[in-house]
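Breakdown of the fold
Chain by chain, the residues run as shown.
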Amino acid sequence: MKKLLFLGAAFAALSTAPALTANAEDMNFNRVASFPVNTNIPADMDNLSESSSEIIAATADGNGLVYSDSPLGGIGFVDITDPASPKADGFVKMEGEPTSVAVLGGRVFVALNTSESYTNPSGRLVAIDMKSRTEVSSCDLGGQPDSVAISPDGSLLAVAIENERDEDLNDGEIPQMPAGYVTIFDMADENADCGSMKKVDVTGLAGIAGDDPEPEFVDFNPNNELAVTLQENNHIVIIDGKSGK
């Protein structure tokens, strides 16, 4: 999964009127700075090591960013107290490949790919304490994770278990088992309850390789409904976050 990420600021106009309607031309993003992630490589690693920010999340106070760095094998922190002058704020190395991050309160939740092969995928949901930068909890996901998201009310967390295909096998043609799925966790005290994990089966929905869905990206709306993209299957699935239906 490859994505382009931009550090920017959106400006909104406030009004005392009962309703505010903005024209499309009035809504825009203005880049205020950029941050070279190679400046966040730990001192005990070669500063020419491959490094790349993929998924990015902001802290609740808006003063910090956290990003997943798959090639470097960890998550990076950026201080944006002054958005025009972002500063390297440390890096946490992990045992596996971080594919996505989400932030809730003082915790960073990391989707960590630990697969030994495409046919034997595995992964964990890891919680990192923002202050100590240490792992405080972990849940077995049973497969290779991609995206992670937390509901706006902080009550649910979802992970797309992609179980991605081998792109060198049959030119990457699907189906290639095992099939992917979606996991949903209840959240309590800024932590995911591993025992509450729902495994949502999304096979049989897509007209393209329906028996081998590859969930790619997940996100919640304010109603705790979860949108899931099946990129390779050319579908989008909507899931009720509470029931898993």
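Here is a short report on the structure shown in this document. Numbering of residues begins from 1 in every chain and follows the order in which that chain's sequence is written. With pLDDT at 70 or above as the cut-off, local features in this predicted model cover only qualifying residues; side-chain atom pairs require 80 or more to be listed or tallied, and sums for whole chains, interfaces and linings still use all residues. Computation of side-chain values: all heavy atoms of the structure, hydrogens and water removed.

1. Looking at the overall build of the protein
- The secondary structure listing takes helices from DSSP runs of H or I that are at least 4 residues long and strands from runs of E that are at least 2 residues long, numbered from the N terminus. Tallying secondary structure elements over the protein gives zero helices and 18 strands in all.
- Against the compact-globule benchmark of 18 Å for 245 residues, the protein has a radius of gyration of 19 Å, which places it among compact chains.
- With respect to the principal axes defined by its C-alpha atoms, the protein has extents near 55 × 50 × 40 Å.
- Each residue gets one of three labels from its accessible area relative to the maximum for its type: buried under 20%, exposed over 50%, partly exposed in between, using a 1.4 Å probe on protein chains only. Within the protein, the proportion of its 245 residues that are buried is 45%.
- Contacts in the protein between residues at least 24 apart in sequence constitute 46% of all its contacts with a sequence separation of at least 6. We compute the radius of gyration over the C-alpha atoms and compare it with the globule rule, which gives 2.2 Å times the number of residues raised to the power 0.38. Here, two residues are considered to be in contact whenever any of their heavy atoms come within 4.5 Å of each other.

2. Comments concerning the sheet that holds strand S5 (residues 74–79)
- Taken together, four strands build an open sheet; the order of strands is S3-S4-S5-S6 and the sheet is antiparallel. Each edge of the sheet is formed by a strand with only one pairing partner; in this case those strands are strand S3 (56–58) and strand S6 (87–93). In this sheet, neighbouring strand axes are inclined to one another by 20 degrees on average, regardless of whether the strands run parallel or antiparallel.
- Pairing between two strands is assigned when DSSP locates at least 2 bridges connecting them. With three bridges joining them, S3 and strand S4 (residues 64–69) adopt antiparallel strand pairing. Interaxial angle, 0 to 180 degrees, is taken between N-to-C directions of lines fitted to C-alpha atoms, where a helix line uses only the stretch in contact.

3. Notes on the sheet that holds strand S10 (residues 135–140)
- Spatially, the four strands line up as an open sheet ordered S7-S8-S9-S10, and their pairing is antiparallel. The open sheet is flanked by strand S7 (97–104) and S10, the only strands paired with a single partner. Taken pair by pair, the neighbouring strands of this sheet meet at an average axis angle of 20 degrees, ignoring direction.
- The sheet contact formed by S7 and strand S8 (residues 107–113) spans seven bridges and is antiparallel. The partner of Glu97 across the bridge, within S8, is Asn113.

4. Some remarks on the pattern of salt bridges
- A pair is scored as a salt bridge if a Lys or Arg side-chain nitrogen falls within 4 Å of a carboxyl oxygen belonging to Asp or Glu. This structure, assessed with the given rule, holds eight salt bridges.
- Close ionic contact of Asp89 with Arg133 constitutes a salt bridge, the shortest N to O distance being 3.2 Å. One end of the pair, Asp89, is in strand S6; the other, Arg133, is in the loop between strand S9 (123–129) and S10, and 44 residues separate them in sequence.
- Note on Arg133: relative accessible area 24%, which makes it partly exposed.
- A salt bridge links Asp129 to Arg107; its shortest N-O distance comes to 3.9 Å. Placement of the pair is Asp129 in strand S9 and Arg107 in strand S8, with a sequence separation of 22 residues.
- What you see here is one network of salt bridges that share partners, running through Arg165, Glu167, Glu214 and Glu232.

5. Describing the state of the cysteines
- Cysteine sulfurs are considered disulfide-paired once they come within 2.5 Å of each other. Applying the stated rule across the entire model yields one disulfide.
- The partner cysteine of Cys139 in its disulfide is Cys194, sulfur to sulfur 1.9 Å. Disulfide Cys139-Cys194: torsion about the S-S bond near -85 degrees, hence left-handed. With a gap of 55 residues between them, Cys139 in strand S10 and Cys194 in the loop between strand S14 (191–192) and strand S15 (198–200) connect regions that are remote in the sequence.
- Residue class for Cys139 comes out buried when judged on its relative accessible area of 2%.
- The class of Cys194 is partly exposed, set by a relative accessible area of 36%.

6. Focus: the side chain of Ser68
- On the secondary structure map, Ser68 appears in strand S4.
- Those residues in contact with Ser68 that lie beyond four places of it in its chain are Ser52, Ser53, Glu54, Ile55, Gly74, Ile75, Pro98, Thr99, Ser100 and Val101.

7. Quick look at the side chain of Ser196
- Among the secondary structure elements, Ser196 is positioned in the loop between S14 and S15.
- The term polar contact refers here to a pair of N or O atoms within 3.5 Å; inside protein, the definition further demands a hydrogen-donor-capable atom paired with an acceptor-capable atom, and it admits residues adjacent in sequence only when both atoms are side-chain atoms. In terms of polar contacts, Ser196 uses its side chain to reach the backbone carbonyl oxygen of Asp193, at 2.7 Å.
- Each residue touching Ser196, except ones within four places of it in the same chain, is listed here: Ile184, Phe185 and Asp186.

8. Description of the environment of Asn233
- Within the secondary structure, Asn233 sits in the loop between strand S17 (225–230) and strand S18 (235–240).
- Judged by its relative accessible area of 0%, Asn233 falls in the buried class.
- Linking Asn233 and Pro175, residues 58 residues apart in sequence, is a C-alpha distance of 9.7 Å.
- Sequence-distant contacts of Asn233, defined by excluding residues within four places in its chain, comprise Ile174, Ala206, Ile208, Ala209, Asp212, Pro213 and Glu214.

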